[in-house]
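Examining the three-dimensional arrangement
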Amino acid sequence: MDSDTRYEDKWPAARATGPAAFLSRRRLALVAWLALVIVSVGGLTTFIMYTSHPAAQITETMDDVLRNHTHPSTTQSHVAAALDPFGPSSALRGGPTMSFRENLRADTKYITSWVSAGWTNDVFTYINLIYLGIITDRVPIIAEFIPSHIGGHVPPIPFGKVFDVPRLRNLLGTSVLEWRELKNPSSTFVDDIGCWNVWEAVQYREAYPRRSRSTEDLRLDISYTQAPTWIKMIPNYEHDQHVTFWSLARLAFPSTRADSLVTPLPSPKHNVSLPPDEHLLCYDYLYYVSAHQPFEMEYDYSPAWRFVGQYLHWTPELEQLTNTYVRRALGTPEDSPIPPFISIHVRHYDFEAWCRGVPIQECFAPLPVIARRVREVKDEIFLRSGRVVNHVVVTSDEVNATWWQEVAQLGWFTPDHSDTKELYGEWYPPLIDATIQSQGAGFVGTALSTMSIIAARRVEAWQNGPVRMVKWGTPDADDH
Ligand SMILES: Nc1nc2c(ncn2[C@@H]2O[C@H](COP(=O)(O)OP(=O)(O)O)[C@@H](O)[C@H]2O)c(=O)[nH]1
Ligand SMILES: [Mg+2]
């Protein structure tokens, strides 16, 4: 278990930049988008001939540009800029460089951070980073996902292989970049940089900045400056480690920054002491960030979800791959539409650690308890839309074959992951399962799982579907 995949490890969030500012930015984005599309209609026509799926074109174009980063053809650059006006060409000097500094534009400010927990926790962290970028007027730069629960032997996966970054930045109307677009992933050059150490200002167990393998992968040698303790949301409270978005945002501006400077910790490799970088602002860890109260991603007002999370869609490739799994699970032919289904996420495995002596048969919710929630969701879908949804697709980290047989006996369907790892790699069972969860006409999840919490938000936002969370921990935990 990751040091931070603990119970208190749930959800994050933010504060709004103001609906007017946000709306006008989106309107601006739309105008810029339309103008560029009209100007480059010739280039686009040629490009569209490549593939029949419009969304896929964007991702493929960006991948092409990345692959050919040193000498992108003029046509490629124009097409990329037209399809993706907030893409790398608008916010960086060029293709990825050996030292990231060569690629930063003098007229642009940036923000970054690292991840170090389970995959969904890390999704929350990147959502927080992007939201902090919005409120500080800085371009967020996203690193890769690291394989915490997948296994140390598995390589990290780029954020943009999972989420549709061009679509995100166009929906946001602002740049969001990936580290692979900034610094050449094969570069061995170690960049020195000064960053804020948030971790030591908010918790009292670990006397060092939050550790993350991302910084190794990115070849960064970091000199940390401890953030002031007033950033902590609940002063001196050892059982929580949240900060607010705006306390961190203050450190991004000159006067609070100047007032908060203390002697930095020398960097581990080059032994250099640097104040927090003003061009590429960085914080060690942004999981525990909220607008107003700890773990607020599941609350309706969560600004991180409302202003960023809901716009973070899967890549078209991942969606298409997931559709093949759902079709196979339900026995739907290739050429037929997938019938609506209720999706379920049953989170077990390391959650056993929180059963604290209660045997797992009594701690985790049994299938009849989950089935009661499924009925509620089914009834609510019918009440809302008159639709009768009979199909149920179950995803879980459970490894016990008997449990899966009991799932099948209920008439519920499951994706067949028997060869997913061999075919697509170890990241893909959870990626496909998370995509399935988000596609439900309604959703039943496991209380306290970030994977369930974000699935519930996606089903509400993307499918307009009802959701329920099954409580667990004791035999009667979900009685209601
Ligand atoms: N394939 C698959 N993996 C899962 C499922 N549920 C949990 N996992 C794995 O366990 C990890 C749980 O960590 P995280 O994503 O942070 O969510 P949380 O711990 O439930 O809050 C996931 O990232 C997956 O690697 C599931 O339904 N399917
Ligand atoms: Mg987790």
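Bringing the sheet that holds strand β10 (residues 391–396) into the picture now. What links the strands of a sheet is backbone hydrogen bonding, and the strands pair in either a parallel or an antiparallel sense. On the basis of which strands lie adjacent, the open sheet formed by four strands has the order β10-β9-β11-β12 and parallel pairing. Edge positions in the sheet fall to β10 and β12 (467–470), since each has one partner strand and no second. For this sheet, the mean inter-axis angle between neighbouring strands, taken without regard to orientation, is 15°. Bridge count for strand β11 (residues 442–446) against β12 is four bridges, and the pairing is parallel.

On to the environment of Gly173. Among the structural elements, Gly173 can be located in the loop between α8 (165–172) and β3 (177–178). For Gly173, a relative accessible area of 8% gives the class buried.

Attention now goes to unusual backbone geometry. For Asn236, which is not glycine, the phi dihedral falls at a positive 60°. Relative to the helices and strands, Asn236 resides in the loop between β5 (220–226) and β6 (243–244). A positive phi angle is found at Arg356, which is not glycine, with a value near 45°. Mapping Arg356 onto the fold places it in the loop between β9 (341–346) and α16 (360–363).

Tracing the sequence through the fold places Ser438 in helix α20 (residues 428–438). Judged by its relative accessible area of 1%, Ser438 is buried. Within polar-contact distance, the side chain of Ser438 engages the backbone oxygen of Thr435 at 2.7 Å. If we skip the residues at most four places from it in the chain, Ser438 touches Trp314, Arg458, Val459, Trp462 and Gln463.

Scanning the entire structure with this criterion turns up 17 salt bridges. Its salt-bridge partner being Arg169, residue Asp84 comes within 2.5 Å of it at the nearest N-O pair. One end of the pair, Asp84, is in the loop between α4 (74–83) and α5 (88–91); the other, Arg169, is in helix α8, and 85 residues separate them in sequence. Given a relative accessible area of 1%, Asp84 falls into the buried group. Residues Lys269 and Glu216 are paired through a salt bridge, measuring 3.6 Å at the closest nitrogen-oxygen approach. Of this pair, Lys269 sits in the loop between α13 (254–260) and β7 (280–285) while Glu216 sits in helix α11 (residues 213–217); the two residues are 53 residues apart in sequence, bridging distant segments of the chain. Exposure remark for Lys269: the relative accessible area of 46% places this residue in the partly exposed category. A residue is classified by how much of its surface remains accessible, and Glu216, at 46% relative accessible area, is partly exposed. When salt bridges that share partners are traced, they join Arg373, Glu376, Glu380, Arg384, Arg468 and Asp478 into one network.

Let's shift gears to the state of the cysteines. Tallying each qualifying case throughout the model produces two disulfides. Note that Cys195 is cross-linked by a disulfide to Cys282, the S-S spacing being 2.1 Å. The S-S bond linking Cys195 to Cys282 shows a torsion near -90°; that makes this disulfide left-handed. Separated by 87 residues along the polypeptide, Cys195 in strand β4 (residues 191–197) and Cys282 in strand β7 bring together distant segments of the chain. The two residues Cys195 and Cys282 agree in class, both being buried. Here Cys355 connects covalently by a disulfide to Cys363, the sulfurs 2.0 Å from one another. Taking the torsion about the S-S bond as the criterion, the Cys355 to Cys363 disulfide, at about -80°, is left-handed. The class of Cys363 is buried, set by a relative accessible area of 1%. Numbered in order of appearance, the disulfide-bonded cysteines of the chain are paired 1-2, 3-4.

Attention shifts here to empty space enclosed by the protein. Unfilled space is identified by rolling a water-sized probe across the atoms. Under the defined criterion, the tally for this structure stands at five cavities of 30 Å³ or more. Taken as a whole, the largest cavity holds about 90 Å³ of empty space. Lining the largest cavity are 14 residues, with Val346, Ala365, Ile370, Thr446 and Val470 positioned closest to its centre. Secondary-structure elements contributing two or more residues to the lining of the largest cavity are β9 and β11. Of the residues that constitute the lining of the largest cavity, the class distribution is eight nonpolar, four polar and two charged.

Reading the values: the criteria
Residues numbered from 1 in each chain as written. Chains lettered and ligands numbered in written order. Predicted model: local features only at pLDDT ≥ 70, side-chain atom pairs only at ≥ 80, totals over all residues. Heavy atoms only, no water. Pairing = 2+ DSSP bridges. Helix = DSSP H or I, 4+ residues; strand = E, 2+ residues; numbered from the N terminus. Axes fitted to C-alpha atoms, helices over the stretch in contact; angles between N-to-C directions. Buried < 20%, exposed > 50% of the residue type's maximum accessible area, 1.4 Å probe, protein only. Polar contact = N/O pair within 3.5 Å; in protein donor to acceptor, adjacent residues only side chain to side chain. Contact = heavy atoms within 4.5 Å. Salt bridge = Lys/Arg side-chain N within 4 Å of Asp/Glu carboxyl O. Disulfide = S-S within 2.5 Å. 1 Å grid on protein atoms, 1.4 Å probe; cavity = no way out; pocket = protein on both sides within 12 Å on 5 of 7 lines; lining within 4 Å. Points joined across faces, edges and corners; volume = space filled by probe spheres on them. Nonpolar A, V, L, I, M, F, W, Y, C, P; charged D, E, K, R; others polar.

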